[in-house]
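Single-letter residue listing:
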Amino acid sequence: MEKYKVGVIGGTGMVGQRFVTLMDGHPWFELTVIAASPRSAGKTYEEAVGSRWAMEKPIPEAAKSIVVLNAEKDIDTIVSQADFIFSAVDMKKEEIRALEEAYAKRECPVISNNSAHRWTPDVPMVVPELNPEHIQIIEAQRKRLGVKHGFIAVKSNCSIQSYVPALHPLRKFGLEKILVCTYQAISGAGKTFATWPEMVDNVIPYIGGEEEKSEQEPLKVWGHMENGVIVNAQKPLITAQCLRVPVSNGHTAAAFVTFSHKPSMDEMKARWASFRGRPQELNLPTAPKQFLRYFEEPDRPQSRLDRDLEGGMAVSIGRLRPDTQYDYKFVCLSHNTLRGAAGGGVLLAELLCAEGYITRG
C-alpha cells in the first residue's frame, strides 16, 4: 500500500513531538515534512528540538534530518509535500484560525489538535468512536471555503476524552445531569517535571478555560447536523471543575450522573463492555480493540498502571457505585497526549482516509 504523505506543523512542541513519534512505523502514514516557528526553520528537526525533546522514545531516525520549514511562510512548499497535515501550532487563536484556513484553502486537509476551530459551526469536532457521522459536514465547509479537497477537522479537548466516552454508551438511558471533576496531568500544559518543578508535591485548582471546554464541548460532540452546520445538543447539563495534579501523563475524571431512565449497574457495565465504534468496525490501525474497559478492583484505574492501555488509546473506568445526590458515580482515565491529543488526531486522520475525505497525491 502506498502511504499517505503527512506533514506536522508545530512539530517541535510536546503534541507535535507526539505526532512525529506516532508516524514512526505507521502502516498508512509517512512523515514527509515538519514545520514550526521562524526560530526553528532552517534547522534539522533534531537541532530544532534539541534538549526540549520530551517523549519517552528517542527522536525517530527518519525525522532527525528533516529540515524544518516555516509554518506561516512556507505553506505552498509544505502543501506540495503532504497529502494532509496535523496542526499543533502554539499561537494566538485568531492566528491559528487564519493559518489553518490558509492550508485548507490551498486544498490541504488539516487535522487540528488546537481549540481555535472547535466552535466553527461547519468544522467537525470528532471523537471517532462517538460522532464519526459529523465528518459529513466537511462537504458544507468545502462549499464555504470554495475548495474541493481541503478542509479542517478538529479533535476535542483532552480532558473530555476521559469521561465523555464512558457516558456516550449510556445516552439511551437519558443523560440528565452530570458533575465532573478532572485531575489533569502536567503534559496537558506541555510540561514535564524538569521544566515545571513547581508542580512536584503540588496541586493547582485552576486551568485557564478548561472548565468551560469541559462543560460545552460534549454538547457539540453530541449535537446534530442541520443546514450545513452542527447544532449543539441541549442536554445533559454539565458542570465541571478542573485541577492540575503532579502526574506526568493521564487525565483522571470523577463523574457523577443522573438519568431520566435509571439503569442498573450491570446494564451500565454491559454497555461499556459491548461498545464498539466506527474505528473498530473499520479496524483502523490506531483503534483500540476494546475502547472502554471497566476495572472491578476498587483502586483502579491508576495513571501509572492504566494510561498506556491499548497503546494509550483505550479509556479505563472504575469505581461505579450509587451516589446520594446523583444516580451513580464512577472514575475514568485516558492518556491525555495519546487518546486525548495526538493519538486521537491520528485516529481521526485514519477515519477520514478510510471514508474517502483524504486522498493521496
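Small disclaimer: the values here were computed from a predicted structure and weren't measured. (Residues numbered from 1 in each chain as written. Predicted model: local features only at pLDDT ≥ 70, side-chain atom pairs only at ≥ 80, totals over all residues. Heavy atoms only, no water.)

A few points about the pattern of salt bridges
- A complete count under the given rule lists 15 salt bridges for this structure.
- Residue R18 pairs with E56 through a salt bridge whose shortest N-O separation is 3.5 Å. Pair noted here: R18 is in helix α1 (residues 14-23) and E56 is in the loop between α2 (45-49) and α3 (61-64), with a separation of 38 residues, a long-range link.
- Take R18: its relative accessible area is 8%, and that puts it in the buried class.
- Between R300 and D306 there is a salt bridge, with the nearest N and O atoms lying 2.6 Å from each other. Like D306, R300 is buried.
- Because the salt bridges share partners, they merge into one network encompassing E101, K105, D122 and R144. (Salt bridge = Lys/Arg side-chain N within 4 Å of Asp/Glu carboxyl O. Helix = DSSP H or I, 4+ residues; strand = E, 2+ residues; numbered from the N terminus. Buried < 20%, exposed > 50% of the residue type's maximum accessible area, 1.4 Å probe, protein only.)

Describing the packing of aromatic side chains
- Evaluated as defined, the whole model comprises 12 aromatic pairs.
- With 5.9 Å between their ring centres and 80° between their planes, Y4 and F29 make a pair best called edge-to-face. One end of the pair, Y4, is in strand β1 (residues 4-9); the other, F29, is in strand β2 (residues 29-36), with 25 residues separating them in the sequence. The same class applies to Y4 and to F29, which are both buried.
- Between W28 and F29 the ring centres are 6.4 Å apart and the planes differ by 80°, which places this aromatic pair in the edge-to-face class. F29 carries the same exposure label as W28, and that label is buried.
- By the ring-pair criterion, three or more aromatic residues cluster together here, those being Y4, F19, W28, F29, F84 and F86.
- Over the aromatic face of Y326 sits the side chain of K177, whose NZ or CZ is 5.1 Å from the ring centroid.
- For R360, the ring lying beneath its charged end belongs to Y4, and the centroid distance is 4.2 Å. (Phe/Tyr/Trp six-rings, centres within 6.5 Å; stacked < 30°, edge-to-face > 60°. Lys NZ or Arg CZ within 6 Å of the ring centre and 35° of its normal.)

Let's talk about the sheet that holds β2
- The strand order β3-β2-β1-β4-β5-β6 describes an open sheet built from 6 strands, whose pairing is parallel. Two strands bound the open sheet, and with one partner strand each, they are β3 (69-70) and β6 (151-154).
- Running over the sheet, helix α13 (residues 338-354) touches β1, β2, β4 (84-87), β5 (109-112) and β6 and is turned about 155° from β4. (Pairing = 2+ DSSP bridges. Contact = heavy atoms within 4.5 Å. Axes fitted to C-alpha atoms, helices over the stretch in contact; angles between N-to-C directions.)

Things to note about the nonpolar core
- Counting residues in hydrophobic clusters, the biggest one holds 59 residues, and the most contacted among them are Y103, W272 and F330.
- Among the nonpolar cores identified, the runner-up in size contains 45 residues, and Y4, M14, F84 and A349 belong to it. (Core = buried A, V, L, I, M, F, W, Y, C linked by side-chain atoms within 4.5 Å.)

Thoughts on the side chain of S187
- Structurally, S187 can be placed in the loop between β7 (175-184) and α8 (210-221).
- Judged by its relative accessible area of 5%, S187 falls in the buried class.
- In this structure the side chain of S187 is engaged in a polar contact, spanning 2.8 Å, whose partner is the side chain of N336. (Polar contact = N/O pair within 3.5 Å; in protein donor to acceptor, adjacent residues only side chain to side chain.)

Some points on the sheet that holds strand β13 (residues 315-322)
- Here we have 6 strands laid out as an open sheet, ordered β10-β7-β11-β14-β13-β12, and mixed in their pairing. Single-partner strands in this sheet number two, and they are β10 (237-244) and β12 (292-295). Strand-to-strand twist of the sheet, defined as the mean angle between neighbouring strand axes without regard to direction, takes the value 20°.
- Here β13 pairs with strand β14 (residues 328-334) via 5 bridges, running antiparallel. Bridging across to β14, S316 finds its partner in L333.
- Together, β7 and β10 form the strand contacts of α8, whose direction differs from that of β10 by roughly 145°.

Brief notes about helix α9 (residues 265-274)
- Taken as a whole, α9 has its buried residues at M268, K269 and W272. Along the axis of α9, the buried positions cluster into a sector of 95°, meaning they face one direction only. Structural note: α9 exposes D266 and S274 on the side pointing more than 90 degrees away from its buried face.
- For α9, the elements touching its buried residues are α7 (160-167), β11 (251-259), β12, β13 and β14. (Arc of directions from axis to C-beta.)

Some words on α13
- Between its terminal C-alpha atoms α13 stretches only 20 Å, short of the 24 Å expected from 17 residues at 1.5 Å a residue.
- Counting buried residues in α13 gives 16 out of 17 residues, a clear majority hidden from the surface.
- G356 occupies a position one or two residues after α13 and carries a positive phi of about 85°. (Expected span 1.5 Å × (residues − 1).)

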